[in-house]
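For reference, the chains in residue letters:
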Amino acid sequence: MEPDVSIETSSMIRIAILPIGEIPHQTLRDYYSMFHHHHPIPLSSISSFYTEEQKSPFTSLPWDTGSLRFKFILGGSPPGPWEDFQSNRKILAVIGVFHCPLSPDLDSVIEEFDVVCKGYASALVTRCFGFFPCDSQLEDGAKKGGDLRFFPPADRQTQEMHFQTMMQEIAASLLMEFEKYVFQAESSGTILKTPLDLQASLSSEEVIKAKKRRLGRVQKTIGDYCLLAGSPVDANAHYSTALELARLTTDYFWYAGALEGSICALLLCNYLSPFLSFYQIDQIGQNNPALEDEVRCRFNSVILHYKKSFIQENSQRVSPLSFELEANLKLARYLCRRELSKDIVELLTSAADGAKSLIDATDRLVLYVEIARLFGTLGYHRKAAFFSRQVAQLYLQQDNRLAAISALQVLALTTKAYCVQSRASISDNSHNNEVGSRNADSGKMHHQSVVSLFESQWSMLQMVVLREILLSAARAGDPLAAWSAAARLLRSYYPLITPVGQNGLARALANSSERLPSGTRCSDPALPFVRLYSFPQHSSQMDIVKRNPAREDWWAESAPSGPFIYTPFSEGQPNDSSKKELIWIVGEPVQILVELANPCGFNLNVDSIYLSVHSGNLDPFPISIDLPPHSSKVITLSGIPTSVGLVTIPGCTVHCFGVITEHLFRDVDNLLHGAAEGLVLSDPFRSCGSPRLKNISVPNISVVPPLPLLVSHVVGGDGAIILYEGEIRDIYISLANAGTVPVEQAHISLSGKNQDSVLSIPYETLKFVLPLKPGAEVILPVTLKAWKLGLVDLDNASGIMGRQLKDSSSPSLLIHYAGPFTNFEDPPKGSVVPPGRRLVVPLNICVLQGLSFVKAHLLSMEIPAHVGENLPKPVYVENSASKEANVSETKIDLFRGSRGLRFLELELSNPTDDVFEINLSVQLDSTDDKLSIGQDAADYGYPKTRIDRDNSARVLIPLEHFKSPILDGSFFMKDFKPDEAADSRNSSFSEKSVRAELKASVNNLISRIKVRWQSGWDSSGELNIKDAIKAALKTSAMDVLLPDPLTFDFRLVRNNLSHGSNDSRLKGSVLAHNMTPMEILVRNNTMEMIRMSLSITCKDVAGENCIEGTTATVLWSGVLNGIAIEAPPLQESKHSFSLYYLVPGDYTLVATAVIEDADDILRARAKTDSPDEPIFCRSPPFHVRVIGTA
Amino acid sequence: MIVCVAVVGHQNNPLYIQSFTEADDALKLHHIVHCSLDVVDERVNNPKKSGLTLNETFLGLLYPTENYKVYGYLTNTKVKFILVTTDLDVRDADVRNLRYGIAKFFRRFHAAYVDAVSNPFHVPGKRITSRTFAERVSNIVKSFGLSSAG
């Protein structure tokens, strides 16, 4: 069995080409390659070398169209047993090749050549070609003559010419030798035997038959030589004779041989073209159905006769089966066209079936190779792969390294059909295209990869093939191939491999890599699986904003337009939304998150992993990582962009198991997609317990020149700023330019919730320091006031303190800044404005619940005044004003009593762990200060109230300052319409406007009450209790703010107190049984004259208050009534009267006035509408203590 | 005797392969089924030359190999059914007989397949894992063995 058999083989002259002496490997290949151009030598070209000594036996040699076909056997081959049967199997010529510079001694060359030639007894022509001879060698060689031929150094073309001539000469010599042989063969008794005959001839008795047989065989051999000589017509004639003789002598084997030869002759006759082989002719389309049928018919006969020649006795030793199979293959190759696939499949199937009976394993191997080749030609790749695998198995049976290498190579051919090919075998071109297309439409799957996912389901076959590759590579000593096979096996089929098997593969990987030089790259990734996790956008610290040079607020257009997160218009173009743009900056580190998975049962140690960047403008930083069995990890891979341009990151480069591989994200995406559809065995990430990820769209990444980079920190620590509600504090934010470009523009704004908690922003400070050079720093003071916690916040706060508060509710400072408009480093690009940046400085304010306000209510206090003696101070006169004056010192003059003194009581509780001090201050209006001379207009210094932790306290705020003291105060003039009635500008004011004015004045009042607190050293703030005060004041605002139209005062008249030596004891008291002169002072607080009818009631009471209480026990009562008094505006009227007390005890004096002709103002003040209703004014009760005389 | 039946998807992905022999020859049968796709592909790609008309789903004998004969059947959705049998001397007329031949077997097999993929939980393109389908197929194979024997 021979490789590469075809019908044409019968017409080929075998020439052994043997290296003589020492020849470098590459040079030898070079020399060999020269022969390849010269396998058909046209007869027409050799005529000059041909001399016809006798009349040629090849009578019909086609000199014009014929050719000699050479088949070069590089390195020669040992003679086979079947050379007599088929002359084309003989080595008919030997050409030695030697390299003159390395073999200077021609004698030794000749000697060696002669020795070599002895091994080829069948050789008719021997030549020895010497390349690159020196002059001396040329000379020497000329003397020696013989078979030496020299090719002097020349250019390739000249050498080829020279070479061609030499080959033509050899062809001519061969032709002449063939003639000689034919002459001899016919005359002399050449015995032709085959291994098949050896034993049969012993038993042969019929001599005549044997002679005839010999004749037939000789004729067949002559026919063979005619074929070799390129004369099919002659060959045909001899074959006919041979066929006849063989048929007569039942020499089936030779009959079949002759028939085979005749087929070749037939085809040669038909296609007399020296340069084309038969199949090529067929493919050109010159096929001839009649001829084809004839060939087929004859081959069937050939096969039949080979079968017949099978002899049972020696079937163990030798068999014509291989010739039968060869005939099969020859026919198959001849017919090998798609249209005839059925026939060919049959032929090849029967050939394959016959393979089992072949004795020689090498024969079987050759047969399988040929079958595989033919199936491949036919387009039956799977079948071809199947037989290739058979070949590989046969190689592997041989158990030596060379065979293993062959097995490996053959298996490598099958990988495509089984879809397990190494990525190295997929051309780089398509690879790059795919990368490009992936970037173009990242969302879509590449069709090819989908198909490959489907095909990958033949896992049983694929694993077998990969295992065989691994085995043969290990045996062949090809660690890289072994590594690659193990990697493919592990990566694709880990779910089907037991943990023990996985460990074995891991060991195989490790072992292979030990034999590889460090830094070896392999195109097939092993583990881990790497997928893109996310492309982090710029952190808010270094966000990039497009810059609109035309506008002052150049950042404005880049902000998201509109208040909605979802805009229906953007949904229309899904491409746009999925295609995110990412801008990286030269020199600023970037990060990408990737997820690694190790679904196998061993510990995976990734020596290093880093981003693989094809665009070359990113310096990736490698990291190493350890993945425990069945685990996945998200890791951050970083790098620094080095130059401006686009960046594509197709995957990661991984150094694992000693070999460097590139893991493409696209592959894993496809795999995961396949897993999602159930097409692939398993999702490595899910099997590691990692959740499913949505497809990550790869943004278009471009790198831009350096930009300024502001870095902020809060002076004193970047932690949360913890403030109690209402606390006011200054913080200092330091901004430093960490970039390499100065900041030339900067602007601060606020964003987020609770923006009003930022009380002041230092715009000017920032403007002042521009441009901020690289490395420079500026400190910005910002004043904060903590906001009030809402109910929700309170709930949260009570749950887990401060954990979640800061994120959602804190305001942020937005600082938009940019470098210079033009880029200094790259002036031509100046037209493109470099983008600006945005720095978000989140003010991490954590508001703690501080003092909490529980409730506020208004208290009114009535302390009856004593009708006193002539007190030294004339305070009685200036009633309301003196009250104000007193407050600051003594709060309330108990003796004087107070009427309608109102307090706002605030109940505060302190739920915190701190102690708070409350500092109440009431601010007086500056317009009011003439009434409070000597007072600081700003504050009243109430003593501080301290509230301990978890306690509550009440704070009283006296409201009396707000009562209108007199009616000409401009403050009241301004604010109170009722008092402005005197201006008669607005005499018909309405109730409505009263209310409005009231409201305004209440607000005014409230705004002047400040409750400040202080806690510890540095916490201070203000309670926001405006609403509470407002609510508390709502009902009685008028009483608080407006004075009564009339105020009363009683006084003892002093002049008759002559006897009072024990004054000190009896101070402020009245003696019984004495006429007690008294005065009542009625003050008119309005701007108009009031006439009234005054009554004075004096009651002797047991209770405190005899006026209002119905249950009070009135012991005595007397009334002075009908006193008509007129009080001029803003003045007092005095009415003197005397009382005579009979019984010592406590008495109460009350004055009541009925105002006559009350005007609207008074009515409004009295809250009455009806004009008929009398308007009463009543004084507070005054106490009179009457002491007995004894 | 039927030794193996297979369903192969339109991307030449195996959907179902079941052998009916006791011997451990799954790999061999996989190979046979895999190789038969060459022939199916060829017939699909050159329907005229192989004499296949569009309506004909039964592809007939795909190829003989060693001790087996491989028959094929192609649905309109390019799903292939492959049958590997050891009955080497079956006449073509018997094969195409719709009452008891292999063509009949394929019809029934096709019906079983259609029912299997009509399951709303079946993912097209995924391997058929339905036990009902497996049982039904093995019934069809058994009954075929009986009818062809009888």
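Higher on the page you've got the structure.
These figures come from a predicted structure and were not determined experimentally.

**Student:** Can you help me understand the overall build of chain A in this one?
**Tutor:** The helix and strand tally for chain A stands at 35 helices and 45 strands. Relative to its full complement of 1190 residues, chain A shows a buried share of 51%. Considering only residue pairs separated by 6 or more positions, chain A has 79% of its internal contacts joining residues 24 or more positions apart. Carbon and sulfur atoms make up 53% of the accessible area of chain A, which totals about 54500 Å².

**Student:** Can you walk me through the packing of aromatic side chains in this structure?
**Tutor:** Aromatic ring pairs are described here by two measures, namely the spacing of the ring centres and the angle between the planes. Under the counting rule described, the total for this entry stands at 24 aromatic pairs over all chains. Between the aromatic rings of A:Y181 and A:Y225, the centroid separation amounts to 4.1 Å while the plane-to-plane angle is 35°, which identifies the pairing as tilted. Note that A:Y181 is positioned in helix α5 (residues 156-187) and A:Y225 in helix α7 (residues 207-228), a separation of 44 residues in sequence. A:Y225 shares its class with A:Y181; the two are buried. Here B:Y73 and B:F81 contribute two aromatic rings whose centre-to-centre distance is 5.5 Å and whose plane-to-plane angle is 20°, an arrangement assigned as stacked. The exposure classification of B:Y73 matches that of B:F81, with both residues buried.

**Student:** Got a minute to help me understand the packing of helix α20 (residues 479-493) of chain A against helix α21 (residues 499-514) of chain A in this structure?
**Tutor:** Packed helices, taken two at a time, are described by the angle between their axes plus the distance between the axes. All names here are of chain A. Packing of α20 against α21 leaves a shortest axis separation of 9 Å and a crossing angle of 155°. The orientation of α20 relative to α21 falls into the category roughly antiparallel. For the crossing formed where α20 meets α21, the hand is left-handed. Of the residues in α21, those touching α20 at P479, A482, W483, A486, A487, L489 and L490 are Q502, L505, A508, L509, S512 and S513. Residues that form the contact of α20 with α21 fall into these classes: ten nonpolar, three polar and no charged.

**Student:** What's the story with the interface of chain B and chain A in this structure? I'm lost.
**Tutor:** Interface size is commonly expressed as the accessible surface area that is lost when the partners come together. Of the residues lining the interface, 29 residues belong to chain B; the matching set on chain A comes to 28 residues. Carbon and sulfur atoms make up 60% of the surface buried where chain B meets chain A, a total of about 2700 Å² over both sides. Run the count over chain B and chain A and you get two salt bridges. For the side of chain B that touches chain A, the secondary-structure elements that each account for two or more residues are β2 (14-19), α1 (26-45) and β3 (58-65) of chain B. Here the element with the most residues in the side of chain B that touches chain A is α1(B); it accounts for 13 residues. Grouping the constituent residues of the side of chain B that touches chain A by class yields twelve nonpolar, nine polar and eight charged.

**Student:** It is not clear to me how the pattern of salt bridges should be interpreted in this structure. Could you clarify?
**Tutor:** Here the idea is simple: oppositely charged side chains can pair when their charged atoms come close. In this structure the tally under the stated criterion is 13 salt bridges over all chains. Between B:D38 and A:R382 there is a salt bridge, with its nearest N and O atoms 3.2 Å apart. Placement of the pair is B:D38 in helix α1 and A:R382 in helix α15 (residues 381-398), with the two residues belonging to separate chains. On the accessibility criterion, A:R382 (9% relative accessible area) is buried.

**Student:** Before we go on, may I ask you to explain unusual backbone geometry in this structure?
**Tutor:** Generally, phi is negative for residues other than glycine and the peptide bonds are trans, each holding for most cases. All names here are of chain A. For F132, which is not a glycine, the phi torsion comes out positive at approximately 50°. Residue classification places F132 among the partly exposed positions, given a relative accessible area of 31%. The backbone of F657 sits at a positive phi, close to 55°, despite the residue not being glycine. Residue placement: F657 occurs in the loop between β17 (651-656) and β18 (659-664).

**Student:** Help me understand helix α12 (residues 321-335) of chain A, please; the structure alone is not making it clear to me.
**Tutor:** Count 3.6 residues to each turn of an α-helix, and residues three or four apart come out pointing the same way. Compared with the 21 Å implied by 1.5 Å per residue over 15 residues, the 21 Å span of α12(A) between its first and last C-alpha is a close match. Counting buried positions along α12(A) gives 15 out of 15 residues, so the element sits mostly inside the fold.

About the criteria used
- Residues numbered from 1 in each chain as written.
- Chains lettered and ligands numbered in written order.
- Predicted model: local features only at pLDDT ≥ 70, side-chain atom pairs only at ≥ 80, totals over all residues.
- Heavy atoms only, no water.
- Helix = DSSP H or I, 4+ residues; strand = E, 2+ residues; numbered from the N terminus.
- Buried < 20%, exposed > 50% of the residue type's maximum accessible area, 1.4 Å probe, protein only.
- Contact = heavy atoms within 4.5 Å.
- Areas by Shrake-Rupley, 256 points an atom, 1.4 Å probe, with all protein chains shown as cover.
- Phe/Tyr/Trp six-rings, centres within 6.5 Å; stacked < 30°, edge-to-face > 60°.
- Axes fitted to C-alpha atoms, helices over the stretch in contact; angles between N-to-C directions.
- Parallel < 35°, antiparallel > 145°, perpendicular 65-115°, else oblique.
- Left-handed = near helix turned anticlockwise from the far one by under 90°.
- Nonpolar A, V, L, I, M, F, W, Y, C, P; charged D, E, K, R; others polar.
- Buried area = accessible area lost by both parts, 1.4 Å probe.
- Salt bridge = Lys/Arg side-chain N within 4 Å of Asp/Glu carboxyl O.
- Expected span 1.5 Å × (residues − 1).

Coordinates in, geometry out; function isn't part of it.
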